[in-house]
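Residue strings, one per chain:
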Amino acid sequence: MRKANDKSLKDAIEQMLQVYKIKRRFDETAVIATWPDLVGKPVANRTKEIFIHDKKLFLRIESSVIKNELIMMRTQIIDKINEQAKGILVEEIIFL
């Protein structure tokens, strides 16, 4: 029998992330980990550096052709990232 204050494991983890104010960092790490799923394996293999700082996604791409493709798909990538994070995690993409 469940008690009145019992929570599911998912709810407890969400609450812990909120209390310790690490949810944003957790979501940023999740984006980096799922980068191959977001853009595809060939693009992910050409990505040399990826990190998020101040709602900006910084990317270093070794191929100029792929870089131009990503520039044209910028809004779709931002939408996918924010949809996955269920909030505004990235507002801009900057290519290094």
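What you are looking at is a predicted structure, and each value in this text was computed from that prediction instead of being measured.

1. A short note on the packing of aromatic side chains
In this structure the tally under the stated criterion is one aromatic pair. On the basis of an interplanar angle of 10° and a centroid distance of 4.9 Å, the ring pair of Phe-51 and Phe-58 is categorised as stacked. The class for Phe-51 is partly exposed, based on a relative accessible area of 31%.

2. As for the pattern of salt bridges
What the rule picks out here adds up to seven salt bridges. For Glu-62, the salt bridge goes to Arg-46, with nearest N and O atoms at 2.9 Å. Taken together, the residues span a long stretch of sequence, with Glu-62 in the loop between strand E2 (56-61) and helix H5 (64-72) and Arg-46 in helix H4 (residues 41-46) at a distance of 16 residues. On the basis of relative accessibility, which here comes to 39%, the residue Arg-46 falls in the partly exposed class. Where Arg-60 meets Glu-49, a salt bridge forms, and the shortest distance between an N and an O atom there is 3.0 Å. Linking Arg-60 in strand E2 with Glu-49 in strand E1 (residues 47-53), this pair joins segments that are eleven residues apart in sequence. A network of salt bridges, in which partner residues are shared, links Arg-24, Arg-25 and Glu-28.

Reading guide: rules and limits
Residues numbered from 1 in each chain as written. Predicted model: local features only at pLDDT ≥ 70, side-chain atom pairs only at ≥ 80, totals over all residues. Heavy atoms only, no water. Phe/Tyr/Trp six-rings, centres within 6.5 Å; stacked < 30°, edge-to-face > 60°. Buried < 20%, exposed > 50% of the residue type's maximum accessible area, 1.4 Å probe, protein only. Salt bridge = Lys/Arg side-chain N within 4 Å of Asp/Glu carboxyl O. Helix = DSSP H or I, 4+ residues; strand = E, 2+ residues; numbered from the N terminus.

No statement about biological role is implied by the geometric values presented.
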